[in-house]
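Here are the chains, one letter per residue:
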Amino acid sequence: DIGGTRIAVGVVDINGRLVGNSLAAPTPARDGVDAILAEVTKFHEVTRALSPSVWRVGIGSAGVFDHDGSVSSATDILRGWTGTPVRARIANATGLPVITVNDVHAAAFGEHCVGAAVGFDNVLVVAVGTGVGGALIQGGHLVQGTVGVAGSIGHTAISSSDQRRCSCGQVDHVEPHASGPGIERTYLELTGKTTSLREISVAAREGDRPSIDCIELGAAAMGAAIASAINLLDPSLVLVGGGVAAIGDLYFDPLRKAAL
């Protein structure tokens with residue numbers, strides 16, 4: 001799993017069960033393609049030593065992949081990612097067959113097969129972290145869309161007063177308001193102080209009003225986008241995950257209020 005903040009890896013069996021512990025490290029997102037893929041290869045070498053029977057590599061990553069496993073488009077969260085032949089480079093480095101897919105599409109498929117979406121045929125999955133991604137399960141199948149961007153709820157347009165620029169280059173999308181960096185920016189605007197989402201979350205649990213306010217504003221923006229998606233898609237289940245969702249009820253309560 002290659003994300004904007006961290007790279008995570010694990011070995012799973014044919015039934016989707018994790019074998020041993022998963023591993024993670026920060027993504028060298030600003031260091032470019034070679035640094036990112038070197039980190040993935042290093043992880044592979046570690047897991048292969050622990051589980052010699054590994055026979056295939058599956059990669060879920062930010063970005064849109066074409067038929068040959070290259071990144072056809074991506075935001076600037078991962079520097080230089082557009083055009084990267086991820087499948088070919090990791091296959092050459094590992095000597096194994098490689099499958100590549102957008103990370104949130106991979107998450108949605110996993111949840112549908114072995115997770116919280118088992119038994120639901122129409123599902124909207126939303127991942128709120130460094131960016132905001134989405135994916136759709138309809139009729140029990142993952143929907144890719146014409147160019148592979150189905151479910152991209154983070155690029156839903158919203159109205160705001162500060163004209164924030166999204167990672168895709170456009171302004172007034174939900175992502176720069178609802179993502180982790182978006183909440184951090186709101187905190188800076190409210191307080192004049194720079195701090196991390198983790199510190200904001202801790203302070204909010206202790207009752208700090210500015211921290212609570214910026215979490216609620218981000219959650220409300222995300223909830224409004226989800227409300228529009230619900231009206232359009234009529235899913236039987238909406239799953240929200242990602243690093244920002246780990247804040248818990250302080251995030252989910254205002255999100256549900258805005259969405260429902």
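Look above for the structure.
Residues numbered from 1 in each chain as written. Predicted model: local features only at pLDDT ≥ 70, side-chain atom pairs only at ≥ 80, totals over all residues. Heavy atoms only, no water.

Caption draft 1: Spotlight on the overall build of the protein. From N to C terminus, the protein includes 8 helices and 10 strands. In terms of overall dimensions, the protein is globule-like: its C-alpha atoms have a radius of gyration of 18 Å, near the 18 Å expected for 260 residues. Overall, the C-alpha framework of the protein stretches about 50 × 40 × 35 Å when taken along its three principal axes. Counting all 260 residues of the protein, 43% fall into the buried class. Sequence-distant contacts in the protein: of pairs separated by 6 or more residues, those separated by 24 or more amount to 54%. (Helix = DSSP H or I, 4+ residues; strand = E, 2+ residues; numbered from the N terminus. Rg over C-alpha atoms; globule rule 2.2 N^0.38 Å. Buried < 20%, exposed > 50% of the residue type's maximum accessible area, 1.4 Å probe, protein only. Contact = heavy atoms within 4.5 Å.)

Caption draft 2: Main features of the packing of helix 5 (residues 180-191) against helix 7 (residues 209-233). Interaxial distance between helix 5 and helix 7 falls to 9 Å at its minimum, and their mutual angle equals 135°. For the element pair helix 5 / helix 7, the angle class is oblique. Once helix 5 is placed against helix 7, the crossing between them reads as right-handed. Contacts between helix 5 and helix 7 involve Ile183, Thr186, Tyr187, Leu190 and Thr191 from the former and Pro210, Ser211, Asp213, Cys214, Ile215, Leu217 and Gly218 from the latter. (Axes fitted to C-alpha atoms, helices over the stretch in contact; angles between N-to-C directions. Parallel < 35°, antiparallel > 145°, perpendicular 65-115°, else oblique. Left-handed = near helix turned anticlockwise from the far one by under 90°.)

Caption draft 3: Spatial organisation of empty space enclosed by the protein. Tallied over the full model, the rule gives 1 cavity of 30 Å³ or more. Contributing to the lining of the largest cavity are Asn122, Val123, Leu124, Leu136, Ile137, Gln138, Leu233 and Pro235. Secondary-structure elements contributing two or more residues to the lining of the largest cavity are strand 7 (123-128) and strand 8 (132-138). Partitioning the lining of the largest cavity into residue classes produces 6 nonpolar, 2 polar and no charged. (1 Å grid on protein atoms, 1.4 Å probe; cavity = no way out; pocket = protein on both sides within 12 Å on 5 of 7 lines; lining within 4 Å. Points joined across faces, edges and corners; volume = space filled by probe spheres on them. Nonpolar A, V, L, I, M, F, W, Y, C, P; charged D, E, K, R; others polar.)

Caption draft 4: Structural context of the layout of surface pockets. Quantified by volume, the second largest pocket comes out at close to 270 Å³. As for the second largest pocket, its lining consists of 15 residues, of which Ile77, Thr130, Ser167, Glu175 and Pro181 are closest to the centre. For the lining of the second largest pocket, the elements supplying multiple residues, two or more each, are helix 4 (175-178) and helix 5. The element that contributes the greatest number of residues to the lining of the second largest pocket is helix 5, accounting for 3 residues. When its residues are assigned to classes, the lining of the second largest pocket shows 4 nonpolar, 5 polar and 6 charged.

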